Amino acid sequence: MESHMYENLRKLINVVDELRDVGLQQFINLPRICVCGTQSSGKSSVLESIVGLDFLPRGEGVVTRRPLEMRLVHLSETSHKAEEAWAVFEGDREKKKFTDFEQVRKEIDRLTDQVAGQNKGIVDDPIVLTIYATQCPDLTLIDLPGITRVPLKGSEQNDDIERVTRDMSMRYVNDPRTIVLAVISANTDISTSDALQLARRADPKGVRTIGVITKIDLMDRGTDAVRMLQGEDIPLRLGYVGVRNRSQQDIRSGKKIKDALEDEKMFFANHPTYRALPPTLLGSRSLTDKLTKVLFRHIRHFLPEIKREINVRVRTLQGRLDELGLGVPVDVAERVQLIWTMITDYCEIYKSTIRGKYDRKLQHYFENELPGGAHIRALFNELLEEFVDISVTKEMSDVDIDTAIRMHEGDSLPGFPSPDTFEYLILPHLKKIQTPVVECLDRVAQAMEALSQKIANRVFGRFPKLADRVLEMATAIMSREKEGTKKIIDELVAAETGYLFTNDSDYLLQHGAMIPMQQQQQQLMQTQQMQQMRAVGNGPVSHPPGSSPSVDGNPPQQSAADLFANSAAQAATGAVVSQAQSAFASGVQASGAWGAPGGRKKTRYSAAFLQEIRRRLDAYFNIVLRNVRDTVPKVIGYFLVRSIQEKLQFELYNELNKADLISELLGEPPHIVEERKAIQGQLGVFKKAATVLQRDPHIASLNLDMLDENFEADLAEHVMGRDRPQQPAATPAPTANGPSSVAVPAPAPPPPHAQLRGQPSAPGAPTRPASSPMPPQQQPPQAGGGGGLPRAGSGGHMAGGAEAGQVPSGQPPSQARQGLFNAQASPQTG
């Protein structure tokens, strides 16, 4: 079973290591284990216990001054000799194989001094070391420089050494694909641990942080680390593991790691306090097992995400490389073809954008659609919009209109208005049209120039000189066509304002006659009213002169000549009965030679006549306004917009198709060459990484048979729920034995560590298949809103122990106490 676990894990580790070898770590973070802690907290000793070899530098003060990335490869004992091991440094051209690990220690010192100097300097440039051994697990570990508070005297360390070391550790810890191994000394206050502070900031839910308690044997007499190991002070989701490292005397005497591990095992087995704790909480072997399972789950979870990220980066880089091209061709014909292709793309995109045509080239160069033709159409729609539905005579008084009529009568006979009066009154308003029309032309031209500049900068981005030349020519062509269009528009506006004429049928029907149709209808209605009044009084019904009585009772019909004669006769004799009644009914009194009531200024012409002049002025202005709003956009669209689209490509190609000019314009700037080179390098790395992942498409579906299903389900739930809104932390109810989780009513399954270690399950313990969901009454209780997860270390988890609220027989109740990382520390996290 154990060999199968290592076989599956080795496959995943090999994939990640190969991804690192091809250089993917430079662009995409890969799963790894990062060891952090304060200076002299025992990090190096913990690492040596995991590897099973003595190879790390020793000394006083800051020893680890460069991050050390260790890739551990487990060798099968059936294929290799017992305790066979060797190491290889990455970057060594000779690929020298070190079998003497004392030489490995010296090589690490040499590489450190080579980059960081010999005077205790610290740099963030990792050393990569691959170790092959039968006693080491399949892991990837990174040993970081310890957090140093005070610089050493006479060294190259600055006063900000604490910030430098802390920031270096934070850069590694912040990566969500990094498992944090926080090393804490047991003889110090855990609440002041720098490693836990870093882990809490980067991993508030604690789903990727494991605490390691060192120097347990150096604690004061009468004290122990039980509370720390059980997470009662600062809970961790993955729990703590206590280890006993070699002492300085053991190191000086050359005590082997293997013997130290046996002594560690005997120490915990014989200790009166620690021997009662679950085996998964103590010992370097338990730490190695936990790291193996957590790393396996971590890699398996992130591998599909890494695949997707690689594919996205490849598409993005390939698109950018297509824009940059493969470089400038040498052959003259190929250069001409290159320029022709870019000019064609530029002009086609320009046309498609203005006409609103779907073009794949447009989608290739621009992610979002450019506001081309839609913007120009909006400018056309806004032309003279402020004059629509507005009466131009609203500011004219009757006196103004009457004065204009009399002024243009001159010394001629009054009563016959001159057409000059109409022109005099309408012309000032018609001239208001000219300025908005020219502004519309300018705005359309500016929009076209801005669009041309955006497209040219993308299409000719590789060649700045060519882009400048194309923009210069395009601007010149637009300016030339704009001037021609402006002349046409000026003439159009001059014709509309300088010559008064219309064939508009509505105008001719309503305002073309001397007496409007409305007044004729009004007189007809008044005649009918008079006849009805006389019929009621039995008086004789008289008919207007020139009319004949109606046989069917309808009003008598009058010819136009008779109507004009009758009107003239009525004006001469003062018998304007129908007009007087109409004026009285409408509240308007004709103000003629008799003056105006109320002291108003006198007007020669009647209010009805002046009102008709107003209607004619407004009607004619609306006709001109409609003509200009329709005609000007057509003129601009045809003589400017369409003309540029037709002439741009032809003139650009004729001007730029010169051999001496092509060589000058196709000169790439250095930054374009460097960018293409960098993109090609990145694409090579990503394609190699994709090849590695394609060798075994099902690599991410591997499973660990020895990984207990409770831990797998809990960790998966944590990862899936990491973006869910966090619930406020629930305060656990105190018990007689101290803080504890809420008890589960249903019986809990047997301790997973007992299953892992081959211990028999408790008789009658309930079991359930791995695929069946846990019944509601057997689900673990929530603590601190952590997505419905049981408290760490209280059940079948990495930390070992029984399920939350259920204490296995033969074990103290304190084994069921290990909560979520922030259940006590922070109510904001789960």
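None of these values were measured; they are calculated from a predicted model.

The rules behind the values
Residues numbered from 1 in each chain as written. Predicted model: local features only at pLDDT ≥ 70, side-chain atom pairs only at ≥ 80, totals over all residues. Heavy atoms only, no water. Buried < 20%, exposed > 50% of the residue type's maximum accessible area, 1.4 Å probe, protein only. Helix = DSSP H or I, 4+ residues; strand = E, 2+ residues; numbered from the N terminus. Arc of directions from axis to C-beta. Contact = heavy atoms within 4.5 Å. Pairing = 2+ DSSP bridges. Axes fitted to C-alpha atoms, helices over the stretch in contact; angles between N-to-C directions. Salt bridge = Lys/Arg side-chain N within 4 Å of Asp/Glu carboxyl O. Phe/Tyr/Trp six-rings, centres within 6.5 Å; stacked < 30°, edge-to-face > 60°. Lys, Arg positive; Asp, Glu negative; His and termini not counted. Polar contact = N/O pair within 3.5 Å; in protein donor to acceptor, adjacent residues only side chain to side chain. Parallel < 35°, antiparallel > 145°, perpendicular 65-115°, else oblique. Left-handed = near helix turned anticlockwise from the far one by under 90°. Nonpolar A, V, L, I, M, F, W, Y, C, P; charged D, E, K, R; others polar.

Participant: Tell me what's going on with helix α12 (residues 373-381), and back it up with residues and numbers.
Facilitator: Within the sequence span of α12, burial applies to Gly373, Ile376, Leu379 and Phe380. Here the buried residues of α12 occupy an arc of 120° about the axis, which is enough to place them on one side. Those residues of α12 hidden inside the fold are in contact with α10 (332-355), α15 (434-459) and α21 (607-656).

Participant: Outline the sheet that holds strand β2 (residues 68-74), supporting the account with residue identities and numerical values.
Facilitator: The strand order across the open sheet formed by eight strands is β3-β4-β2-β5-β1-β6-β7-β8, and the pairing between neighbours is mixed. Strands with a single pairing partner mark the edges of an open sheet, and in this sheet they are β3 (85-89) and β8 (240-242). Direction aside, neighbouring strands of the sheet carry axes that sit 25° apart on average. Sheet analysis places strand β1 (residues 32-36) next to strand β6 (residues 178-185), joined by five bridges and oriented parallel. Each residue of the ladder has a partner; that of Cys36, found in β6, is Ala182. Strands in contact with helix α2 (residues 43-51) are β1, β2, β4 (127-133), β5 (139-143), β6 and β7 (209-214); relative to β5, the strand with the most contacts, it is inclined by about 165°.

Participant: With reference to specific residues and values, describe the pattern of salt bridges.
Facilitator: The tally for this structure, following the rule as stated, stands at 33 salt bridges. A salt bridge links Arg177 to Glu309; its shortest N-O distance comes to 2.9 Å. With a gap of 132 residues between them, Arg177 in the loop between α4 (161-173) and β6 and Glu309 in helix α9 (residues 284-324) connect regions that are remote in the sequence. Classification of Glu309 by relative accessible area gives partly exposed; the value is 26%. Between Glu232 and Arg227 there is a salt bridge, and its shortest N-O distance comes to 3.0 Å. Three or more residues joined by partner-sharing salt bridges are found here, namely Glu48, Asp54, Glu102, Arg105 and Arg246.

Participant: Which residues make up the pairing of β5, and what values do they have?
Facilitator: Extensive coverage of β5 is indicated by the burial of five of its five residues. In β5, alternate side chains face the same way, and those of Leu139, Leu141 and Asp143 on one face and Thr140 and Ile142 on the other are all buried. Two elements, β1 and β5, share three bridges in a ladder whose sense is parallel. Bridged to Val35 within β5 is Asp143.

Participant: Describe the packing of aromatic side chains, and please don't skip the residues or the numbers.
Facilitator: Per the stated rule, a full pass over the model turns up 14 aromatic pairs. With a centroid separation of 5.8 Å and 75° between ring planes, the pair formed by Phe268 and Tyr274 is classed as edge-to-face. The class of Phe268 is buried, set by a relative accessible area of 6%. Residue Tyr274 is classed as buried on the basis of its relative accessible area, which comes to 2%. The interplanar angle of 75° and the centroid separation of 4.3 Å between the aromatic rings of Trp340 and Tyr653 together place this pair among those described as edge-to-face. With Trp340 in helix α10 and Tyr653 in helix α21, this residue pair connects regions lying 313 residues apart in the sequence. Exposure remark for Trp340: the relative accessible area of 31% places this residue in the partly exposed category. Judged by its relative accessible area of 24%, Tyr653 falls in the partly exposed class.

Participant: For the side chain of Arg208, give the residues involved together with the corresponding values.
Facilitator: Mapping Arg208 onto the fold places it in the loop between α5 (194-202) and β7. It is Asp203 that comes nearest to the buried, bridge-free Arg208 among opposite-charge side chains, at 4.2 Å. A polar contact of 3.2 Å, which involves the side chain of Arg208, links it to the backbone oxygen of Asp175.

Participant: Describe the environment of Val123, and please don't skip the residues or the numbers.
Facilitator: Tracing the chain through its elements places Val123 in the loop between α3 (101-116) and β4. Spatially, the C-alpha atom of Val123 lies 8.1 Å from that of Pro67, the residues being 56 residues apart in sequence. Those residues in contact with Val123 that sit more than four places away from it in its chain are Arg65, Arg66, Pro67, Val115, Ala116 and Met168.

Participant: Would you mind going over the packing of α9 against helix α23 (residues 670-694) in detail, with residue names and values included?
Facilitator: Between two packed helices, the angle of one axis relative to the other and the distance separating the axes together describe the packing. One can describe the packing of α9 onto α23 by two numbers: an axis separation of 9 Å at closest approach and a directional angle of 150°. If you check the angle between α9 and α23, you find them roughly antiparallel. The interaxial crossing formed by α9 with α23 has left-handed handedness. Listed contacts from α23 to Leu303, Lys307, Ile310, Arg313, Val314, Leu317, Gln318, Arg320, Leu321 and Leu324 of α9 are Ile672, Glu675, Arg676, Ile679, Gln680, Gln682, Leu683, Phe686, Lys687, Ala689, Ala690 and Leu693. Each residue belonging to the contact of α9 with α23 can be placed in one class, and the counts come to 13 nonpolar, three polar and six charged.

Participant: With reference to specific residues and values, describe the packing of α12 against α15.
Facilitator: Viewed as axis vectors pointing N to C, α12 and α15 meet at an angle of 175°, and their least axial separation amounts to 10 Å. In terms of their interaxial angle, α12 and α15 are classed as roughly antiparallel. Where α12 approaches α15, its residues His375, Ile376, Leu379 and Phe380 are matched on the opposing element by Cys440, Arg443, Val444, Ala447 and Met448. Looking at the contact of α12 with α15 residue by residue, the class counts come to seven nonpolar, one polar and one charged.

Participant: Break down unusual backbone geometry for me, with residues and values.
Facilitator: Trans is the prevailing form of peptide bonds, just as negative phi is the prevailing case for residues other than glycine. Even without glycine at this site, Glu83 takes up a positive phi of about 60°. Following the sequence through the fold, Glu83 ends up in the loop between β2 and β3. Glu83 gets classed as exposed once you look at its relative accessible area, which sits at 51%.

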